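What follows is the residue order along each chain.
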Amino acid sequence: MEEYRSIKEIIDAFHPDMEYSRASKGNLKLSRCPFCGGKKAYINPDPRVNGFSCFSGKCSKQLTFMALYKELSGQTDARYIDIVTFLDGHIPEGKAYEQVMPKVHEEERAPLADRDAVYSRLLELLTLDDDDKASLMKRGLTEEQIEWLGYKSCPTKEQIPKIVETLQAEKFCLKGIPGFYKRYGKYSMMLANGFFIPFRNMDGEIQGLQIRRKGDENITLDKDVSFSDTVDYTLQVKNNNPFPINLRIIDEIPDGAKVKSDSNNVSFDHVQPKEIRWELYFKAGEEKILTYSLEMDIPRKTKAKVVVQPRYIWFSSGNREGGTPMTNFTHHIGDLRDIMYLTEGGLKADVTYFLCGGKKSFLAVTGITSLRDMPKTFEYFKKNGVKEVCVAFDMDRVYNERVMEAIENVQRMAEDAGLQSSVLEWDIKMGKGIDDFTLAHLKSINKI
Ligand SMILES: [Zn+2]
C-alpha cells in the first residue's frame, strides 16, 4: 500500500512561492496556475481526492497526483516511488534526484515547411491498423477519406529505428521536429499507442500531429448494485494492458438521485452534477474497486465508462535531449466559405466535414480554451470574405459553465474581427459532438 502524499507537496516542490487560499469543499485556490498562470486553479489535498483543476479558461487541466507530477517534471513514465524520492530528496534505493529530472537540451521548433515535409513523409511510411481503421469507419468515414486525411497508426517500438533511418537516408532533417529526440546521440521518436491525426493549416500543410490514444479498450469494468438504506454501487476496474495507464471512470447519475458517499472521488463541485467521475492511475495489471452510494426513489440502471487520460496528446518531445515541445495549433478542413464552423478536436472536424459531403468548412481547436490563434484566424477570415463563425462545441455545455465561457470568448473575438457569430444547437439525445449528431441525423434519414 502506498503511503498518502499530498498533491500540495508537489506544487510546493516545483513552485515554492505558491500561495493558497481556502475555497469551498476542502479545495485550495492557488495564487496562479502553474501551467497557464490563470487565477482559477485549485487543488484538493483530501486523500480521497488529491487532484488539481484549472478553470482559468486557458489550460483547463484536470490532473491526478501522478499526472500532475508527470506534467510538471516531464517524466512521463514516473512511478509513485519516483515522486516520493523527489519529494523527500533522497532515495530508498538507486535513483538520484538529478536522474529523475535530468537537464536536457531542447531544439527550437523547425519552420512549418520542414515540419510539413517530415510529417507528410512519416505518415507515408506508416500503416493504419485494422482496428484503428474499423473505429474510424464506425464514425462514418470511408476508406478513401481516411487515406486522404492521412491518419496512420503510431509505430511500435520495434518499427521506430527503421522509420527514422529511412527519413534520414532521404535527407529529412529531424532537428526541431516535435516528436523526435536523441537517444545516445541518435534520433528516435516518441512511442505512443494510438493513431496520428494531422493538424493542417488552411493550405493543407501539416503543422503538427495529434495522437488519439488507446489502451482503454483493454480495461474490464464490472458494475454491481446492492440495496441498503441507499443504492450502493461497486465498480471493479482492471487494467489488462502491459503498461500503466491514467483512466477517467465516469458513471451516470440518474435524475433526482443524490450522492451519499464515494471513494476516491475526484469530481469537484464545478463538474457536471449528472455524473460521478474518478481519475486514477493504474499500474499494469492493477485492479481497483470504487464504491459510491446514491439516494434515490426508483433505482435505475446506468452504464459506466472508462476513457484513457488524456485521450488526445500532441506528438511532442519537450523535456527530451535534442527534442522539441509542441504548441497548440488550429486545424482547418474545407475551403473558405461564408460560414466557418468551429469545433473542438481535429478528428471531429474531419469526420463532420466528410459527413456533410464537403459542403461545410471547419476549423478545430485542440480544446475549448485553446483560442490563442482565433483573433489572427478571424482577421484573415474577414479579409477573405468570410461572414460568420458558427460555434459547434459539444452539447454538454448545457451543464458546463467552462464551455459557456469559451463560447462567449469566441463570439467576442469574432465580433472584434467584424464577423457575425452564432452557436449551433441540437438535441443532445442525437449525440454530444457535432460528428455524433451529424451521423445520427444521416442515419435517421437513411442517407448512410
Ligand atoms: Zn491553468
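Everything numeric in this text was worked out from a predicted model, so none of it was measured. (Residues numbered from 1 in each chain as written. Predicted model: local features only at pLDDT ≥ 70, side-chain atom pairs only at ≥ 80, totals over all residues.)

(A) View of the overall build of the chain. Counting its regular elements, the chain contains 12 helices and 23 strands. Rg of the C-alpha trace for the chain: 23 Å, near the compact-globule value of 22 Å for 448 residues, within the 12% margin. Viewed in the frame of its principal axes, the chain has a C-alpha envelope of about 60 × 55 × 45 Å. For the chain, buried positions account for 38% of its 448 residues. By sequence separation, contacts in the chain at least 24 residues apart represent 65% of the contacts at least 6 residues apart. (Helix = DSSP H or I, 4+ residues; strand = E, 2+ residues; numbered from the N terminus. Rg over C-alpha atoms; globule rule 2.2 N^0.38 Å. Buried ≥ 20, exposed ≤ 12 C-beta atoms within 10 Å, placed from the backbone. Contact = placed C-beta atoms within 7 Å.)

(B) Quick peek at the pairing of strand 22 (residues 388-391). Burial along strand 22 is one-sided: the residues Val 389 and Val 391 are buried and none of Glu 388 and Cys 390 is. Where strand 20 (residues 339-344) lies against strand 22, four bridges are found, and the strand directions are parallel. When the sheet's bridge partners are listed, Leu 342 is paired in strand 22 with Val 391. (Pairing = 2+ DSSP bridges.)

(C) Layout of the sheet that holds strand 10 (residues 206-213). Taking strand neighbours across the sheet as the criterion, the four strands line up as 6-9-10-18 in an open arrangement whose pairing is antiparallel. Two strands close off the open sheet at either side, each with one partner strand: strand 6 (152-153) and strand 18 (312-314). As defined by bridge partners, strand 10 adjoins strand 18 across three bridges and the pair is classed as antiparallel. Bridge pairing in strand 18 places Arg 212 opposite Tyr 312. Most of the contacts of helix 5 (residues 112-125) go to strand 10, to which it runs at about 45 degrees, and overall it touches strand 6, strand 9 (194-200) and strand 10. (Axes fitted to C-alpha atoms, helices over the stretch in contact; angles between N-to-C directions.)

(D) Representation of the packing of helix 5 against helix 8 (residues 160-169). Two elements in contact, helix 5 and helix 8, have axes separated by 11 Å at closest approach and are oriented at 130 degrees. Relative to helix 8, the element helix 5 lies oblique. In the crossing of helix 5 with helix 8, the sense of the turn from one axis to the other is right-handed. For the pair formed by helix 5 and helix 8, the contact residues are Val 118, Arg 121, Leu 122 and Leu 125 on the first element and Ile 163, Thr 166 and Leu 167 on the second. By residue class, the composition of the contact of helix 5 with helix 8 is five nonpolar, one polar and one charged. (Parallel < 35°, antiparallel > 145°, perpendicular 65-115°, else oblique. Left-handed = near helix turned anticlockwise from the far one by under 90°. Nonpolar A, V, L, I, M, F, W, Y, C, P; charged D, E, K, R; others polar.)

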